[in-house]
Amino acid sequence: MDNTAQNTGRQLYEEFRNKIVGVFSEESIAVVDRAFELANSAHGDQKRRSGEPYIIHPIAVATILFDELGMDMPSVAAALLHDVVEDTDMTIEELAKVFPKEIIDAVALLTHDDDTDYFDYVTAIKANPIARAVKQADLIHNSDRTRLEISESNLDMVQRYEKKYHKALDILKKGVESLGFEIAKDLISVENLETLLHGIDVENVELNFSTCMKSTVKLAETVAAYFKTTPADLTK
């Protein structure tokens, strides 16, 4: 096996890891390290259609979640693992022996069964805050055309994927304004606050409202910024 892809992934992961040191606890970092090691090994020398080592993608998704949203360990670990079951020989049962249930539940939802309509799959993801955040970051990175060579021969495919990803993002943001292109215009209920950020304390709504709204703005701006210039990635 060519180890170039894995070595590239390890280098990128070390750069990402330096960001979470001092922010995550040692125990949380250990879980994230385990997620990376498993993903890097499972994806091996897989390539994306852009020609990049596949492991670059889950690291990029984890980076978006941490840099842009300040998401916690379960979200970052789920991001690193989100394509492992779908695109490698690893099973959800094997992952369940290694990672906490909240991560496994998210990865299970993020795994698309070919027998399930894609948009039904996306709709099901909405119910889980971790899976929803990971999927949105996944769609954002998949939509980054700067890594692709667009030509007349693949333009139609690019446009099809663009339409698919836009519709998926629209499904994810419906009913949860904080996770779409628009910032919530109305007061956010306690129930919706629970879905804004994984693990947020909603017992004291007044103290946490500003935190929620800051995250709302960050994600809305992130999604909008990516889609100003990026039709689609051809990898999925």
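Residues numbered from 1 in each chain as written. Predicted model: local features only at pLDDT ≥ 70, side-chain atom pairs only at ≥ 80, totals over all residues. Heavy atoms only, no water.

Let us look at the overall build of the protein. Scanning the protein from N- to C-terminus turns up 12 helices and zero strands. Secondary structure elements of the protein occur, N-terminal to C-terminal, as α-α-α-α-α-α-α-α-α-α-α-α. Every one of the 236 residues in the protein was classed for burial, and the buried ones make up 50%. Nonlocal contacts in the protein, meaning residues at least 24 apart in sequence, comprise 70% of its contacts between residues at least 6 apart. Here the protein displays about 11,600 Å² of accessible surface, and carbon together with sulfur accounts for 49% of that area. (Helix = DSSP H or I, 4+ residues; strand = E, 2+ residues; numbered from the N terminus. Buried < 20%, exposed > 50% of the residue type's maximum accessible area, 1.4 Å probe, protein only. Contact = heavy atoms within 4.5 Å. Areas by Shrake-Rupley, 256 points an atom, 1.4 Å probe, with all protein chains shown as cover.)

Turning next to the layout of surface pockets. If you add up the space inside the largest pocket, you get close to 200 Å³. Around the largest pocket sit 12 residues that line it, and Leu-12, Lys-19, Ile-59, Ala-60 and Thr-63 are the ones nearest its centre. The set of elements that each furnish at least two residues to the lining of the largest pocket consists of helix H1 (4-20) and helix H3 (56-69). Among the elements that make up the lining of the largest pocket, the one with the highest residue count is H3 (seven residues). Broken down by class, the residue content of the lining of the largest pocket amounts to seven nonpolar, one polar and four charged. (1 Å grid on protein atoms, 1.4 Å probe; cavity = no way out; pocket = protein on both sides within 12 Å on 5 of 7 lines; lining within 4 Å. Points joined across faces, edges and corners; volume = space filled by probe spheres on them. Nonpolar A, V, L, I, M, F, W, Y, C, P; charged D, E, K, R; others polar.)

In this section: the confidence of the model for the protein. Mean pLDDT for the protein: 77, with 65% of residues reaching 70 or above. Scored below 50 in pLDDT, residues 177-214 makes 53 contacts in the model with residues more than four places away or belonging to other chains. pLDDT under 50 marks residues 226-236. Its contacts with residues more than four places away, or in other chains, come to 48 contacts. (pLDDT = per-residue confidence, 0-100.)

Here the focus is helix H9 (residues 129-142). With 14 residues, H9 extends 20 Å between its outermost C-alpha atoms, agreeing within 8% with the 20 Å of an ideal straight helix rising 1.5 Å per residue. At the N-terminal end of H9, a side-chain oxygen is found 3.0 Å from the backbone nitrogen of Ile-130, two or three residues along, and the residue is Asn-128. (Expected span 1.5 Å × (residues − 1). Polar contact = N/O pair within 3.5 Å; in protein donor to acceptor, adjacent residues only side chain to side chain.)

What follows deals with the packing of helix H8 (residues 118-125) against H9. One way to put it is that H8 packs onto H9 with a least axis distance of 8 Å and a crossing angle of 130°. Considering their axes alone, H8 and H9 lie oblique with respect to each other. Each of Tyr-118, Tyr-121 and Ile-125 in H8 lies in contact with H9, whose residues at this interface are Ala-131, Arg-132, Lys-135 and Leu-139. A per-class count over the contact of H8 with H9 returns five nonpolar, no polar and two charged. (Axes fitted to C-alpha atoms, helices over the stretch in contact; angles between N-to-C directions. Parallel < 35°, antiparallel > 145°, perpendicular 65-115°, else oblique.)

Take the pattern of salt bridges next. Evaluated as defined, the whole model comprises seven salt bridges. Taking the shortest distance from any N to any O, the salt bridge between Arg-10 and Glu-37 comes out at 2.8 Å. Of this pair, Arg-10 sits in helix H1 while Glu-37 sits in helix H2 (residues 26-43), and the two are 27 residues apart along the sequence. Among the residues examined, Arg-10 registers a relative accessible area of 35% and is labelled partly exposed. (Salt bridge = Lys/Arg side-chain N within 4 Å of Asp/Glu carboxyl O.)

With that settled, the discussion passes to the packing of aromatic side chains. Per the stated rule, a full pass over the model turns up six aromatic pairs. With 6.2 Å between their ring centres and 45° between their planes, Tyr-13 and Phe-16 make a pair best called tilted. One end of the pair is Tyr-13 and the other is Phe-16, both in helix H1 and three residues apart, which spans about a single turn. Summarising the burial analysis for this pair, Tyr-13 and Phe-16 share the class buried. Their ring planes at 0° and their centres at 4.2 Å tell us that Tyr-13 and Phe-36 sit as a pair that is stacked. Note that Tyr-13 is positioned in helix H1 and Phe-36 in helix H2, a separation of 23 residues in sequence. Residue Tyr-13 is classed as buried on the basis of its relative accessible area, which comes to 2%. Looking at Phe-36, the relative accessible area reads 0%, which means it is buried. An aromatic cluster is present here, built from Tyr-13, Phe-16, Phe-24, Phe-36 and Phe-66 joined pairwise through their rings. Taking NZ or CZ as reference, Lys-164 lies 4.2 Å from the ring centre of Tyr-118, over its face. The positively charged end of Lys-167 is found above the aromatic ring belonging to Phe-119, 4.2 Å away from the centroid. (Phe/Tyr/Trp six-rings, centres within 6.5 Å; stacked < 30°, edge-to-face > 60°. Lys NZ or Arg CZ within 6 Å of the ring centre and 35° of its normal.)

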